Structures are given as C-alpha cells and as structure tokens.
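# Coordinate inspection notes
Chain residues, written in single-letter form:
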Amino acid sequence: GGSALEWPARSYDKLLNGLLADGFDKESCYSRYQSAMYRRNAGRKPSVYLVTKLRRQEALQNRCGPGTVAYSNALEQLKSGKSSGIGSQECKYLVSISYQGVGNRILATASAFMYALLTNRVLLVDPSNEMGELFCEPFPNTTWLLPPEFPLTSYTNFSHDTAQSYSNMLRNKVLKADVDDVPAAQLPVFTYIHLHHDATQDDNLFFCDEDQRLLRNIPWLVMRTDSYIVPGLFLDMGFREKLTRLFPELDTVFHHLGRYLFHPSNHVWGLITRYYDAYLAWAQQRVGIQVRVFGSESNSPALLEQITMCTQKHGLLPELHTGVESIVRAANQKSKAVLVTSLKSWYSEKLKSMYWEHAVATGEAAVSVNQPSHEEFQHYGAKSHDTKAWAEIYLLSLTDTLVTTAWSTFGYVAQGLGGMRPWVLYKPENNSVVPDPPCGQDFSLDPCFHQPPFYDCRLKHWADTGKVVPQVKHCIDRAWGLKLV
Ligand code: GDP
C-alpha cells in the first residue's frame with residue numbers, strides 16, 4: 001500500500017454533488033473517484049435538473065449505444081442511405097470528429113455532448129488521436145467510442161467541400177430549412193455539420209432555430225469542430241431556455257460537463273498524482289502559469305517580463321527585494337509552489353533562478369518553481385506527447401490561482417475543470433513589447449468560442465452576436481470571440 005492510488009477516499013464528495021453516476025468499476029478508472037481529494041476547490045454545484053438530465057442521457061446511451069439492437073438498426077439505415085419513417089427513429093446519433101490538440105479536442109467533445117443533451121442524441125466520439133487512451137469511459141455500462149465498422153468510412157476527412165455537409169445540402173436544394181415539417185422519408189439519413197474554424201455563414205446556419213427544427217429529424221449527424229461552440233448554441237431561442245434551466249449559473253457549463261466527461265485514464269492519472277505529490281502537495285499555495293508558445297516563436301524576454309509583471313502586480317508571486325537584504329527567517333514563512341507548463345523550459349528556468357538569486361521583498365515566501373515537461377514543439381498524433389499535455393492541463397486545474405495565455409484552449413480546459421477565473425496574459429500586438437496592462441482577470445469560468453457566427457437568424461443579416469443577449473459577451477482575450485457570462 002501507500003501509493004497515492006490507494007488512498008482511502010475518506011469524506012470527500014467523490015460524486016461531486018451527484019454530477020457523477022455511481023456504480024463504475026473503481027480499478028478501471030481511479031481518477032473518477034480520487035480526483036475530489038486532489039481538489040481544494042470543490043467547485044460549483046450542479047442543478048438538480050442537470051443531474052436528472054445526465055442520468056437520462058446515460059440511460060439513452062445504454063439503450064441506443066454500440067452493441068444494442070437499436071444501434072444495429074440505425075447502422076443498417078445509414079448503410080441503406082434512406083431515412084425511413086419517424087417511428088424507427090427512437091435513437092438518433094451525433095458523431096464527433098476528434099482532431100487538433102488535446103485542449104481543442106476536449107472543448108469540441110464537451111460542445112458535442114452539450115448539443116447531444118439538448119437534442120436527445122446519443123454521443124459517439126471518433127476514437128482517432130488516442131481518445132480512448134487519454135480518457136475513461138464517461139457513461140456506465142456502455143462505450144462512447146465509435147466502433148470501427150462505421151459505414152461512413154471517410155468521415156474523418158469530411159470537410160467544407162463534402163457534398164453532404166449541411167450547407168452544401170441547402171445550396172444543392174437537397175434540404176430546405178424554411179419548409180415546416182418535412183416528412184421524415186424525404187430527409188437524408190445523415191448530414192455533416194462543418195464547424196471547423198473556417199466555417200462559412202451558411203455552415204453557421206446550424207446556430208439558427210429554423211435549421212435546428214430540420215436537423216432534429218435527421219438520424220445521424222457527424223460534426224467537426226475544434227472550438228467551444230456552446231455560446232453559439234445560446235443564440236438559438238429553443239436551446240437558450242433549456243440551457244438556462246440546466247445551468248442557473250451559466251458560466252459553469254464547461255465546468256460541470258468537463259468534470260462529468262473527462263476522467264484521466266489510469267496511465268495519465270499516474271502522471272498527475274506522482275507529480276502532484278512530489279511537487280505541489282506540500283505547498284500552502286499553488287500557482288499555475290501556462291506559457292503557450294505558438295509555432296516557432298523564440299524565447300521572449302518580453303513575455304517573461306509580462307509574466308513577472310502580471311504575477312507580482314496581482315500578488316500571485318512575491319516581489320523581489322531591492323535594498324540591503326536581511327536574512328531573517330520569518331516565523332510565518334509561506335510556501336508557494338509554482339507549476340509552469342510550456343513547450344519551452346526557458347521561462348520556468350528564468351523564474352526559478354530569479355527566486356533563488358534574490359530574496360523576496362516581504363521575506364515570508366519560499367518559492368519553488370517547477371515544470372513537468374518541455375516538449376519543444378507541438379506534434380500531432382504522438383501518444384506520450386498527448387498524455388503529457390493532458391496531465392499538465394489537469395495539474396494546472398489543481399492549482400489555487402491560474403495564469404493562462406490568451407487564445408489557448410489548453411488554458412481554457414484547466415480553468416474550467418478547476419473552476420477558476422484565470423489571469424489572462426494578453427496577446428501582445430508586438431512580440432517585443434509588454435502589453436499594458438500585462439494581464440486581466442477573466443469575468444467567467446467558461447471557455448471562449450473563437451470563431452462564432454455573426455448573423456441574426458431572424459433578421460437574416462449580419463449582427464454583432466456579442467450584443468444580442470446579455471448572457472453572451474465578447475471574450476477578454478479575443479475581441480470577436482463569444483463566451484457565457
Ligand atoms: P491550444 O493550441 O493552446 O489551443 O491547445 P491544444 O491543447 O489544443 O493544442 C496544443 C498542443 O500543443 C497540446 O495538446 C500539446 O500537445 C502541445 N502543448 C502546448 N503547450 C503545451 C504544454 O505546456 N505542455 C505540453 N506537454 N504540451 C503542450
């Protein structure tokens with residue numbers, strides 16, 4: 001005994017106020033029941049309606065998921081290419097394509113799940129890019145991974161020019177959104193929802209009530225997005241009403257769905273707990289700093305200065321002593337563990353030396369700076385690279401205060417899981433100049449939707465969607481992005 005994986009879970013609320021279903025095999029996924037004891041911030045409470053809805057979704061996933069008669073029938077229908085009558089459509093499906101970095105994939109999957117909840121569809125996740133290796137199964141007694149014999153063999157290559165995309169079907173008059181109650185037999189058996197960041201205004205009609213009425217009766221949807229589209233769903237009036245009932249605190253959508261869906265697999269949980277126990281557990285305060293280096297950016301003294309200015313100005317890290325040092329050990333010395341995540345090691349090495357070579361002004365803080373890995377460059381589809389990224393996102397979510405980089409979904413996932421409003425390092429207009437102010441605290445826990453629609457569905461013309469409803473505002477790190485308040 002003695003390893004972190006075997007700690008008794010004592011009085012922690014393992015099921016997170018009913019968010020998680022009981023009855024899973026503990027050994028298959030240690031993180032599901034152990035995460036509560038690693039989180040100082042117990043998080044927000046889910047509404048009773050959300051908890052009920054999740055249990056109903058689990059029942060649906062069981063009734064219609066892979067291995068059931070309903071699933072075989074739905075596959076047959078998909079193979080035949082014909083949508084039969086409404087009666088045979090008791091189970092409808094949403095397949096979510098998994099691509100891009102770990103942060104993008106998590107936000108995309110959470111978005112797809114939100115849409116599945118709103119539309120009573122079974123969510124099936126494309127197993128590409130290690131989705132099955134990174135995460136435990138979220139639903140009891142069934143799988144959310146799309147089985148290999150899926151008839152749409154090239155679905156992972158679907159893109160804006162796929163003939164069956166929703167916008168192409170509208171353009172080619174295969175579908176007509178403004179006709180009420182199209183008989184189900186005239187509907188296609190599937191359509192592809194293209195919400196990649198290059199989505200056009202026609203693709204974005206997906207966010208309109210009228211189009212949702214049509215999509216409702218199509219048995220299979222395949223969706224591609226690398227974004228957090230939930231703020232867009234809020235523009236649909238039908239969804240808006242349901243979303244506000246499910247989430248009385250609207251900025252907790254990803255906070256709850258993320259904690260519900262994404263449990264690190266045992267291998268990743270080992271990476272997380274070993275690191276946590278060695279480098280973070282002992283500290284009185286833990287500060288997470290995410291330094292996202294995009295592309296081939298070189299080590300930037302301006303970014304280092306931006307980080308120190310931000311953290312010292314807001315009291316996250318102590319200021320350095322400038323005058324004559326008095327080496328007195330304060331009785332109430334506070335310990336701080338700083339967790340830096342980055343593709344590069346330069347920033348954390350600089351911070352570490354800074355707090356070794358200089359005393360701190362208040363004389364009361366011991367500052368320890370560490371970084372789990374420095375992978376140098378972003379790769380795609382490399383297993384140990386992705387498991388480290390997921391472990392580091394999760395470790396950031398276990399800190400008490402968080403600093404993130406503008407535009408990064410990696411940081412959004414950490415803030416949402418942790419239930420924190422992070423200090424966001426603003427994107428500099430010029431990479432050698434520190435922005436003023438260097439950072440600002442986010443107004444919401446929820447992630448930013450980077451490429452939202454700018455369209456008023458009722459007036460049928462351009463509109464600033466950040467001004468349509470008070471619950472959706474523009475993001476602090478991306479002026480044209482949208483997020484829930
Ligand atoms: P985003 O690009 O910042 O929105 O975040 P993503 O997670 O979607 O994609 C970035 C990918 O680059 C990650 O999934 C990792 O593979 C890699 N990466 C970026 N920053 C880090 C980091 O701090 N640590 C590790 N281990 N990988 C990182």
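Residues numbered from 1 in each chain as written. Predicted model: local features only at pLDDT ≥ 70, side-chain atom pairs only at ≥ 80, totals over all residues.

## Focus on the overall build of the protein
When helices and strands are counted, the protein shows 15 helices and 12 strands. Taking 485 residues into account, the globule formula puts the C-alpha radius of gyration at 23 Å, and the protein, at 24 Å, falls close to it. Expressed as a percentage of its 485 residues, the buried residues of the protein come to 44%. Residue pairs at least 24 apart in sequence account for 76% of intrachain contacts in the protein once pairs closer than 6 positions are excluded. (Helix = DSSP H or I, 4+ residues; strand = E, 2+ residues; numbered from the N terminus. Rg over C-alpha atoms; globule rule 2.2 N^0.38 Å. Buried ≥ 20, exposed ≤ 12 C-beta atoms within 10 Å, placed from the backbone. Contact = placed C-beta atoms within 7 Å.)

## Observations regarding the confidence of the model for the protein
For the protein, mean pLDDT is 92; residues scoring 70 or higher make up 93% of the total. Note on the complex model: pTM 0.95, ipTM 0.97. (pLDDT = per-residue confidence, 0-100.)

## Observations regarding the site of the ligand
In the vicinity of the ligand, 20 residues are found, and the nearest of them are Gly101, Gly103, Ala389, Ser408 and Thr409. Mapped onto the shell around the ligand, the elements with two or more residues apiece are helix H4 (102-119), strand E6 (334-342), helix H14 (383-397) and helix H15 (409-418). The element best represented in the shell around the ligand is H14, accounting for 5 residues. Broken down by class, the residue content of the shell around the ligand amounts to 4 nonpolar, 11 polar and 5 charged. Each of domain 1 (26-261) and domain 2 (266-484) accounts for three or more of the residues forming the shell around the ligand. (Near = placed C-beta within 6 Å. Nonpolar A, V, L, I, M, F, W, Y, C, P; charged D, E, K, R; others polar. Domains from an automatic or database assignment.)

## Overview of the sheet that holds strand E3 (residues 190-195)
The strand order across the open sheet built from 4 strands is E2-E1-E4-E3, with neighbouring strands paired in parallel fashion. Single-partner strands in this sheet number two, and they are strand E2 (122-125) and E3. Pairs of neighbouring strands in the sheet enclose a mean axial angle of 20 degrees, with direction left out of account. Pairing geometry for E3 and strand E4 (residues 220-225), over 6 bridges, is parallel. (Pairing = 2+ DSSP bridges. Axes fitted to C-alpha atoms, helices over the stretch in contact; angles between N-to-C directions.)

## A short note on the pairing of E4
Most of E4 is tucked away, with 6 of its 6 residues classed as buried. Both faces of E4 are covered, namely the face carrying Trp220, Val222 and Arg224 and the face carrying Leu221, Met223 and Thr225. The sheet contact formed by strand E1 (residues 93-96) and E4 spans 4 bridges and is parallel. Opposite Leu94, over in E4, you have Leu221 as the bridge partner. Handedness of the crossover is the feature at issue here: the chain leaves E3, passes through helix H7 (residues 209-215), returns alongside E4, and the resulting connection is right-handed. (Right-handed = clockwise from strand over helix to strand, strands pointing away.)

## Things to note about the domain arrangement of the protein
Segmentation of the protein into domains returns domain 1 (26-261) and domain 2 (266-484). Just the C-alpha atoms count here: the centres of domain 1 and domain 2 sit 30 Å apart. Facing 43 residues of domain 1, the contacting portion of domain 2 comprises 43 residues. Counted by class, the side of domain 1 that touches domain 2 contains 19 nonpolar, 15 polar and 9 charged residues.

## Remarks on the nonpolar core
In terms of nonpolar packing, the biggest core is built from 123 residues, with Met114, Val222, Leu233, Val338 and Ile393 touching the most fellow members. Element by element, the count of residues in this core is highest for H4, at 11 residues. Counting contributing residues per domain, this core is built from domain 1 (26-261) and domain 2 (266-484), each supplying no fewer than three. Apart from the residues within four sequence positions on either side, Ile393 is in contact with Val102, Gly103, Phe410, Val413 and Ala414. (Core = buried A, V, L, I, M, F, W, Y, C linked by C-beta atoms within 7 Å.)

## Quick notes on unusual backbone geometry
For the bond running from Asp436 to Pro437, omega is -5 degrees, close enough to zero to count as cis. On the secondary structure map, Pro437 appears in the loop between strand E9 (423-425) and strand E10 (439-441). Although it is not a glycine, Asn141 adopts a positive phi angle of roughly 60 degrees. Tracing the sequence through the fold places Asn141 in the loop between helix H5 (131-134) and helix H6 (166-171). A count of 13 C-beta atoms within 10 Å places Asn141 in the partly exposed class.

## Quick word on the pairing of E3
Across the 6 residues that make up E3, a large majority, 6, are buried. Neither face of E3 is open: one carries Phe190, Tyr192 and His194, the other Thr191, Ile193 and Leu195, and all of them are buried.

## Some words on the packing of helix H11 (residues 266-279) against H14
Remark: H11 packs on H14, axes separated minimally by 9 Å, with the N-to-C direction vectors making an angle of 50 degrees. When the interaxial angle is binned, H11 and H14 end up oblique. Every pair of crossing elements has a handedness; the one defined by H11 and H14 is right-handed. Residue-level contacts link His267, Val268, Leu271, Ile272, Tyr275 and Tyr276 of H11 to Thr387, Lys388, Trp390, Ala391, Tyr394 and Leu395 of H14. (Parallel < 35°, antiparallel > 145°, perpendicular 65-115°, else oblique. Left-handed = near helix turned anticlockwise from the far one by under 90°.)

## Some words on H14
Since the α-helix turns once every 3.6 residues, residues separated by three or four places project in the same direction. When the terminal C-alpha atoms of H14 are compared, their 22 Å separation across 15 residues agrees well with the 21 Å that a helix rising 1.5 Å per residue should span. Most of H14 sits out of view: 11 of its 15 residues are buried. Listed in full, the buried residues belonging to H14 are Asp386, Thr387, Ala389, Trp390, Ala391, Glu392, Ile393, Tyr394, Leu395, Leu396 and Ser397. (Expected span 1.5 Å × (residues − 1).)

## Brief notes about the sheet that holds E9
One open sheet holds the 6 strands; their spatial order is E7-E6-E5-E8-E9-E10, and the pairing between them is mixed. Looking at the sheet topology across the chains shown, the edges are occupied by strand E7 (365-370) and E10. Direction aside, neighbouring strands of the sheet carry axes that sit 20 degrees apart on average. Against the sheet, helix H12 (residues 301-313) contacts strand E5 (285-291), strand E8 (401-405), E9 and E10, and its axis sits at roughly 160 degrees relative to E9.

## Quick notes on helix H2 (residues 48-64)
In this model, H2 (17 residues) spans 24 Å end to end at C-alpha, consistent with the 24 Å of a helix rising 1.5 Å per residue. Here H2 has its buried residues at Leu50, Val51, Leu54, Gln57, Leu60, Gln61 and Cys64. If you follow the buried residues of H2, they end up packed against helix H3 (69-80), H4, E2, helix H9 (237-246) and helix H10 (253-261).

## Structural notes on the environment of Arg458
Among the secondary structure elements, Arg458 is positioned in the loop between E10 and strand E11 (472-474). Among the residues examined, Arg458 registers 10 C-beta atoms within 10 Å and is labelled exposed.

## Concerning the environment of Val51
Following the sequence through the fold, Val51 ends up in helix H2. On the neighbour-count criterion, Val51 (21 C-beta atoms within 10 Å) is buried. A sequence separation of 377 residues divides Val51 from Pro428, and the C-alpha atoms of the two residues are 41 Å apart. Leaving out residues up to four positions away in the same chain, Val51 has contacts with Gly18, Leu19 and Pro46.

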